[in-house]
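Residue-level structure breakdown
Each chain, letter by letter, is given below.
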Amino acid sequence: MSALVSRPHRIAVLPGEGIGPEIVAQALKVLRALQGHGFEFEAREAPVGGSAWLLTGTPLPQPTIDLALASDAVLFGAVGDPRFDHLEPALRPERAILGLRNAMGLFANLKQVSVPAELAELSPLRAEKVSGVDLLVVRELNGDVYTGSPKGVRAAPDGPFAGEREGFDSMRYAEGEVRRIAHVAFKAAQRRSGRVCNVDKANVLATSRVWREVVIEVAREYPAVELSHLYADSAAMQLISNPGRFDVILSGNLFGDILSDAASVLTGSIGLPASALLGEGPRGMFEAGHGTALDIAGRDVANPLACIRAAALMLRHSLGRDDLAHRIEAAVTAVLRQGLRTADLAGGTRVVGTGAMGDAVVAALG
């Protein structure tokens, strides 16, 4: 009886604009170097963001959505360009990200921040403070003040400034929303050091009190995982003063947005950490998470390492190849230990361009 031949993994490639195409090209280069030995993939590209608007009049064309939904994973570059700021909000490049999240049912953002001892010198903090840090921020994506309704602008109905124009937003979380993101955090902690720090503002916000109660309920299903709590302001201070205390940080959309960006700086560059956006199943969207850096686009100076690390997260979370993810992560660390740096990184012994950094990671794969 002949062995079953599995089909190649289908990857939707959405480069976007700015440095997006450059960094995605390097991530694909690394993935192609891993082909064979039981791993094969097919990559199909589609426009997204400002480049898609120029072609179709929308930042997220239906064929791009269809490709994402027909694929095992999405590798995303970067979108955003001030040339499109005059457009109505629904047509601006950044709206493509929200549209993909909704279409794919993505509700969890995972950002891993690792600082090996040998690379602690890159951090703006003292090396001894960040050396060995390895934390994961698990952020809920779909709720909170960003999407809660009602929201808008109105005449203030009361208070000392009644009658004046005011903006208002609604912070909302249903139990089910909290429960599903809490499971993501606790399952991640089981694969790591077994600690979850829940971040909220339960001392002042009713939303946070419901959030914390549900997290405590979910924690009972994971007796081997230690649960702690911090208020958001205290968590921000601890992230800077004592980042080594954290393993998995669980937070809502607003606080998680702030904390994940703050955590990224621990590495010394937003060009190093990567993000995974996940839903109920294995399919997810994986991105560097930084901007389009239009000022350096096309100059072969952008740092591709975050996008390469995003490819590693894709292998781990969507394609079931944790072994290959470890190989990429080890190769990235090896290249930085060799002293190779792109222009955004301090220290090192040799500055290289975008393509050369990708080549170096391929070489380090062995």
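Before reading on, note that the structure itself is shown above.
One structure accompanies this document, and this report is about it. In this text, all values refer to a predicted model and were calculated from it rather than measured experimentally.

Brief notes about the sheet that holds strand β2 (residues 41-45)
Across the sheet, 10 strands lie side by side as β2-β1-β3-β12-β11-β4-β5-β10-β8-β9; this open sheet has mixed pairing. Because the sheet does not close on itself, it has two edges, and the strands there are β2 and β9 (226-231). Here the strands of the sheet are splayed against their neighbours by 20 degrees on average, with no regard to which way each runs. Relative to strand β1 (residues 9-16), helix α3 (residues 62-69) is tilted by about 145 degrees, and along the sheet it contacts β1, β2 and β3 (73-78).

Points about empty space enclosed by the protein
The full count for this structure, using the stated rule, is 2 cavities of 30 Å³ or more. Of the voids in this model, the largest cavity is the one considered here, and its volume is about 70 Å³. Lining the largest cavity, in full, are D144, M171, Y173, V199, D200, T207, S208, W211, G252 and F255. Elements with a minimum of two residues in the lining of the largest cavity: β8 (195-200) and α7 (206-219). Of the residues belonging to the lining of the largest cavity, the class tally is 5 nonpolar, 3 polar and 2 charged. There is about 50 Å³ of room inside the second largest cavity. Forming the walls of the second largest cavity are S114, V115, P116, L119, L122, T267, L272, R309 and L336. Partitioning the lining of the second largest cavity into residue classes produces 6 nonpolar, 2 polar and 1 charged.

With respect to the nonpolar core
In this structure, L31, L75, V138, F186, L250, L315 and I328 are the most contacted members of the largest nonpolar core, which totals 72 residues. Ranked by residue count, the leading element in this core is helix α10 (residues 305-317), at 10 residues. Look past the residues within four positions of L250 in its chain and what remains in contact with it is V138, I181, A182, A185, V196, C197, N198, V199, W211 and V215.

Notes on the packing of aromatic side chains
How two aromatic rings sit relative to each other is given by the distance of their centres and the angle of their planes. Scanning all chains against the criterion turns up 4 aromatic pairs. A cation sits over an aromatic face here: R245 above F246, 5.3 Å from the ring centre.

A word on unusual backbone geometry
Backbone torsion omega between S149 and P150 reads 5 degrees, so that peptide bond is classified as cis. Relative to the helices and strands, P150 is located in the loop between β5 (133-140) and β6 (152-155). Non-glycine residue D144 carries a positive phi angle of around 80 degrees. Along the chain, D144 turns up in the loop between β5 and β6. On the accessibility criterion, D144 (3% relative accessible area) is buried. In this structure, A293 is a non-glycine residue whose phi angle is positive, near 45 degrees.

Rules and cut-offs
Residues numbered from 1 in each chain as written. Predicted model: local features only at pLDDT ≥ 70, side-chain atom pairs only at ≥ 80, totals over all residues. Heavy atoms only, no water. Pairing = 2+ DSSP bridges. Helix = DSSP H or I, 4+ residues; strand = E, 2+ residues; numbered from the N terminus. Axes fitted to C-alpha atoms, helices over the stretch in contact; angles between N-to-C directions. Contact = heavy atoms within 4.5 Å. 1 Å grid on protein atoms, 1.4 Å probe; cavity = no way out; pocket = protein on both sides within 12 Å on 5 of 7 lines; lining within 4 Å. Points joined across faces, edges and corners; volume = space filled by probe spheres on them. Nonpolar A, V, L, I, M, F, W, Y, C, P; charged D, E, K, R; others polar. Core = buried A, V, L, I, M, F, W, Y, C linked by side-chain atoms within 4.5 Å. Buried < 20%, exposed > 50% of the residue type's maximum accessible area, 1.4 Å probe, protein only. Phe/Tyr/Trp six-rings, centres within 6.5 Å; stacked < 30°, edge-to-face > 60°. Lys NZ or Arg CZ within 6 Å of the ring centre and 35° of its normal.

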